[in-house]
Amino acid sequence: MEAVPARARVYVAGVALGALSCLEPLSTGRAPWWAIALLTVLHTCGERITGRGSPGTCHPVLLAGAFLLSPPAAALVAVPGALLSRVEQRPVLLRRVWRAAELVLAVWAAARVFRALGGPDAVGAADFPYVLLPAAAAVPVFCAVLALLDGSVLVLAEHVPPRRAWRGLFARSLAPLAVHGLAGLMMAVLWRSPYGPAAALLVLLPMCVAWWAFAQYHREQAAHQATIRALVQAVDIKDGYTRGHGERVGQASMMIARELGMDDERVEVLRFAGILHDVGKLGVPTRLLRKDGPLTPEERRIIELHPEYGHEMVRGISFLGEARAAVLHHHERMDGSGYPYGLVGSQIPESARVVAVADAFDAMTSTRSYRRARPVPAALAELERCAGSQFDPRMVEALVQALGKYGWHPAVTADEVPAPRPPAAPRPGRQGAHR
């Protein structure tokens, strides 16, 4: 996010000052600069090679530094790679400083714990299995510091509720960091062996393969995001009056999914479902989408084909998973009077029941060509009135609870739509039917 709140900037500055204090002893004491330089080059090159979207893949080098060097020297290894890392979002400099500062603190803390437990002596003597004990203590400390700092900046910079900001951060990162820690320990032991640093570099060969595969995965994810953005932009261009509708429905769908306790992967799929639910409108004549007055029965039948058009467009995109079912069935109703197939109750896929509520909520709270936006409380009251007949009561209740906790702050609002025409009288028709 480009506009970083002042309190977040102050927090980043405080963390950066803390990092500088960790590095300060290097200015007065002796340090193994050749070892620092070699590890720094390895870390910096690794971060650049793995590309955008994959920070942290070179943690084995940082942890090897924590196992080999004094805490200030080990912390310094992280700085150049972080400051030269690729950053897509603005402000670039602030994000780079933040990344460098949090890595300095994490590496410094891990090195202190490792040293306090006698790790350097065990590494020098290749004393297995005892060397594993200080390493097993240092890696969780490294992980915990990163989780604590990342969660804090989410709370301050992006207004994420604290419980959600820290939920799962430590647990998700501990397993991969344990693997990185083992690789870093192997590097440290070989570095101190008679074979020297050259042998330690051999550990990086399989890690380089893993980094390359990780980078390929992130490039694939970026391609998925680009595909979705292109489809959404095409819909927004075709029907300017609902610009941003897909993004808002994706946001509401994500809130419902989280309130229902779904895992992060499924939450992301449902966000995709909300974003793409109306992609089939690309197959509907523009004059019908922008018509001010009531639709004729024939025109309504044409518009009601858009779920099937959308499903045909996305059915071959495998990464969308159950989002494809939501695109097809988001206009089904619990009582069976919806379209395109008139499914009843649990016959309707759960993803479609989530998106149906999110879609109707945004349709009611956004200005359209045929009516003005309703206030959020009025829209929620209407959803509750139609729960059981049109909408799944569980999904309605989840949205009500989520909005009660976090409010509704859509990224794009109806007020941003350029030059709207005066709204006409509301169209007759069943509640919840919208374009």
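Residues numbered from 1 in each chain as written. Predicted model: local features only at pLDDT ≥ 70, side-chain atom pairs only at ≥ 80, totals over all residues. Heavy atoms only, no water.

1. Some words on helix 3 (residues 59–68)
In plain terms, the rule: Exposure categories follow from relative accessible area, calculated using a 1.4 Å probe and restricted to protein chains: below 20% of the type maximum is buried, above 50% is exposed, and the middle band is partly exposed. In this text, helices come from DSSP runs of H or I with a minimum length of four residues, and strands from runs of E with a minimum of two, each type numbered from the N-terminal end.
A large share of helix 3 lies buried, amounting to 10 of its 10 residues. If you check which residues of helix 3 are buried, you get H59, P60, V61, L62, L63, A64, G65, A66, F67 and L68.

2. Some words on the packing of helix 19 (residues 350–365) against helix 20 (residues 376–386)
Just so we agree on the cut-off: Between the N-to-C directions of two axes lies an angle of 0 to 180 degrees, each axis being a line fitted to C-alpha atoms and, for a helix, fitted only over the stretch in contact. Roughly parallel means an angle under 35 degrees; roughly antiparallel, over 145; roughly perpendicular, 65 to 115; everything else is oblique. The sense of a crossing depends on the near helix, which, turned anticlockwise from the far helix by less than a right angle, makes the crossing left-handed and, turned clockwise, makes it right-handed. Residues are treated as being in contact if the distance between any of their heavy atoms lies within 4.5 Å. Residues are sorted three ways: Asp, Glu, Lys and Arg are charged, Ala, Val, Leu, Ile, Met, Phe, Trp, Tyr, Cys and Pro are nonpolar, and all the rest, Gly among them, are polar.
Remark: helix 19 packs on helix 20, axes separated minimally by 9 Å, with the N-to-C direction vectors making an angle of 140°. Taken together, helix 19 and helix 20 sit at an angle that is classed as oblique. Considering the relative orientation of helix 19 and helix 20, their crossing is right-handed. Listed contacts from helix 20 to V357, A360, F361, M364 and T365 of helix 19 are V376, A379, L380, E382 and L383. Looking at side-chain class alone, the contact of helix 19 with helix 20 contains 8 nonpolar, 1 polar and 1 charged residues.

3. A few points about the packing of helix 13 (residues 245–259) against helix 19
For any two helices packed against each other, one specifies the inter-axial angle together with the distance between the axes. Running from N to C, helix 13 and helix 19 point in directions that differ by 130°, and their axes come no closer than 8 Å. Taken together, the axes of helix 13 and helix 19 lie oblique to each other. Crossing handedness for the pair helix 13 and helix 19: right-handed. Along the contact surface, helix 13 presents H245, R248, V249, A252, S253 and I256, while helix 19 presents V354, V355, V357, A358, D359, D362 and A363.

4. Topic: unusual backbone geometry
The residue after F128, namely P129, is reached through a cis peptide bond having omega 5°. Its place among the elements puts P129 in the loop between helix 7 (119–124) and helix 8 (132–158). Of note in the backbone geometry, A126 takes a positive phi value of approximately 50° without being a glycine. In this structure, A126 sits in the loop between helix 7 and helix 8.

5. Here's the deal with the packing of aromatic side chains
Where two aromatic rings form a pair, the distance of their centres and the angle of their planes describe that pair. Worth spelling out the cut-off: Aromatic rings from Phe, Tyr and Trp, with only the six-membered ring used for Trp, were paired whenever their centres fell within 6.5 Å, and each pair was classed as stacked if the ring planes differed by under 30 degrees, edge-to-face if by over 60, and tilted otherwise. We call a charge positioned over a ring when the NZ of a Lys or the CZ of an Arg lies within 6 Å of the ring centre and within 35 degrees of the ring normal.
Counting across every chain of the model gives 5 aromatic pairs. Between W34 and W191, the aromatic rings sit 5.9 Å apart at their centres with planes inclined by 25°, giving stacked as the arrangement. One end of the pair, W34, is in helix 2 (residues 33–50); the other, W191, is in helix 10 (residues 169–191), and 157 residues separate them in sequence. Classification of W34 by relative accessible area gives exposed; the value is 55%. By relative accessible area, which is 9% here, W191 ends up buried. Aromatic pair F67 and F114: ring centres 4.5 Å apart, planes at 40°, arrangement tilted. Of this pair, F67 sits in helix 3 while F114 sits in helix 6 (residues 92–116); the two residues are 47 residues apart in sequence, bridging distant segments of the chain. For the pair F67 and F114, a shared accessibility class is recorded, and that class is buried. Positioned above the aromatic ring of Y406 is the side chain of R164, whose terminal nitrogen or guanidinium carbon lies 4.3 Å from the ring centre.

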